[in-house]
Amino acid sequence: MCGIVGYIGTKQAAPIILDGLEKLEYRGYDSAGMAVYDGKKINITKSVGRLKVLENLTHGGETLPGVCGIGHTRWATHGAPSDTNAHPHFNKDETITVVHNGIIENYIHLRQMLTDKGYEFVSDTDTEVLAHLLDYYYKGNPLEAVTKVLHRVEGSYALGILFADCPDQIFATRKDSPLIVGQSKEGCFIASDVPAILKYTRKVYYVDNQEVVRLRADHMHFYTVDEEEIQKEPVTIEWDADAAEKAGYEHFMLKEMYEQPKTVTDTLMPRIKDDDIVIDELNMTDGELAAIRKIHIVACGSAYHAGVTGKYVIEGLARIPVEVDLASEFRYRNPILEEGAMVVVISQSGETADTLAALRESKARGFKVLGIVNVVGSSIAREADNVMYTWAGPEIAVATTKAYSAQLIALYLLAVKLGRVRGGIDDQMFSSLLADLKCLPDQIEMLLNNKQKIQKFANRYVGARDVFFIGRGIDYAISLEGSLKLKEISYIHSEAYAAGELKHGTISLIEEGTLVAAVSTQPDLYAKTISNMVEVKARGAFVLAVTCEENKAIEKAADYVIYIPETNPYFANSLAIIPLQLFGYYVAVGKGCDVDKPRNLAKSVTVE
Ligand code: F6R
């Protein structure tokens, strides 16, 4: 939700912190701040607004001298975006400062306890209690103060902490919010995510829940919450720093859309071996896979939409019943998980609080959880029993594109594998499915290269008030994602409907000129969707159809048609979503929206 960076070493800290925060701005961007020890005291500069404001205020960090500091870019939860609520937060005599990502759930109780002891609060944040609580427990031993605080707070947190008394140290800790630490010849770093420090080091340590790290300029030590020292092994980051740069594209979102052929290849091809699907990560024999009686897919947002597609594909190909749940619902609805059920959680970030909670709930009930996860080493990746990584690389744009496409591939592989081991897919069908899967990257590339047609069309809808997306079956799942892409980045109201459902109320919203995007890629449902297109057209809608090349007759019912190449209908989502992503993108660009950082959103939702 928020981004944290810290540095202690031989170089000036502030420019390094700003540089790291820039890579983390996708995590939150309503205010930003830095605290740096200047040799005598800790100085804080912070401001509401984008990171640019902080950069200007500090002349790129130049005006904050010192080699030890922490910084933060915020996505507001407790307290509106403002200078006062921006992090870092101080204790009363400005000797302890803290940056925080997450939510302190018992902060009201702690605030009251501290107020009763004479502490005064200046902000509306939950974070400020941490600064005062550290002050309360600090008796000359910073590690002891940090661990005492950890014993008192409930909720999720990643913290960077500076004590003016110990200016040669930074403390970092986490619980259920991401945090890594790294080391280079020039110093030690803390960060919410790898791209923030990749320029300086590839050697990182993933901090586990409630571990505390003491960083000095040339080494760091890890401790348990009971102050016992522990040893940890570093992980070497393999991917390139360029993967987290725009590489000449106008926006990360456009770049990431263009990376989809590669993402799909990288997720697919390592799992196709000798004309078979081999998913070693499942750690299950064919017999165990064949014995699965039910699958629960749990996720949020676009990952949930991928899950809805997964339901259709797994049920169709493997004939295993699949329930798809929003993680925020699943965790509180006391779901019925029966013997033989498998739980699959899907997450790009691997840090989504509700998805993580659903995973834990399932494990606590004794069920094995498979994670389909993009970020290596993330909390979900580490806590799931088995992990099928989507090899999409770092995704920076807040609106997901390439990670979603990779999630679809992981689900197709699972569906075909399950169908095969359960005997529902014969040799001929299996070869044909594999052949169609292998064609997807080139077909996606082709659709991306024909972007002008959709771009021209999108320009006409920059002023739209409402847009509806309709489809049946898998086309409904595609509509859900197409609609989300448009609304989250262009702020145009949009809804996705199962095409047959529209006439049960929502059709009353259709007016002269309302855009209805009708997705029709499923041969069995083609005629039915055409009827629904005709229904909305009769009420004045302008109909954009997304369909397969062979469905030329659709031109009679639609006003504008985008064709996708031929593939197995189970895989049509991977192709039909491309023009819809482009549509959302170009409408948002046409409106002048901040495509990569839409208002009110953040990339990684580590709070409920
Ligand atoms: C939309 C989007 C979100 C995420 C959702 C889940 O473009 O990106 O809806 O899909 O917040 O996030 P992860 O996949 O990180 O669990």
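The following paragraphs examine the structure supplied in this document. Just so you know, these numbers come straight off a predicted model, no measurement behind them. (Residues numbered from 1 in each chain as written. Predicted model: local features only at pLDDT ≥ 70, side-chain atom pairs only at ≥ 80, totals over all residues. Heavy atoms only, no water.)

## Regarding the sheet that holds strand β22 (residues 386-389)
1) Next: Pairing within the open sheet is parallel, and its five strands lie in the order β19-β18-β20-β21-β22. For this open sheet the edge positions go to β19 (322-326) and β22, each flanked by a neighbour on one side alone. With strand direction ignored, the average angle separating the axes of adjacent strands in the sheet is 20°.
2) Next: The pairing of strand β20 (residues 341-347) with strand β21 (residues 369-373) spans five bridges and is parallel. Note on β21: the bridge partner recorded for V345 is G371. (Pairing = 2+ DSSP bridges. Helix = DSSP H or I, 4+ residues; strand = E, 2+ residues; numbered from the N terminus. Axes fitted to C-alpha atoms, helices over the stretch in contact; angles between N-to-C directions.)

## Some words on the packing of aromatic side chains
1) Next: Applying the stated criterion to the full structure yields 15 aromatic pairs.
2) Next: When the ring of Y249 is compared with that of Y258, the centres are 5.7 Å apart and the planes differ by 35°; the resulting orientation is tilted.
3) Next: Their ring planes at 25° and their centres at 4.4 Å tell us that F457 and Y560 sit as a pair that is stacked. In this pair, F457 is assigned in helix α15 (residues 451-459) and Y560 in strand β27 (residues 560-564), connecting sequence segments 103 residues apart.
4) Next: The structure contains a cluster of three or more aromatic residues connected by ring pairs, namely F457, Y461, F542, Y560 and F583.
5) Next: Stacked on the ring of Y136, the Lys or Arg K139 has its end atom at 5.7 Å from the ring centre.
6) Next: The ring of F430 has R420 sitting right over it, with the charged end atom 4.4 Å from the ring centre. (Phe/Tyr/Trp six-rings, centres within 6.5 Å; stacked < 30°, edge-to-face > 60°. Lys NZ or Arg CZ within 6 Å of the ring centre and 35° of its normal.)

## Topic: the state of the cysteines
1) Next: Applying the stated criterion to the full structure yields zero disulfides.
2) Next: In this structure C439 is a free cysteine whose sulfur lies 14 Å from that of C548, the closest cysteine sulfur available. (Disulfide = S-S within 2.5 Å.)

Without other data, these values stay purely geometric and don't point to any function.
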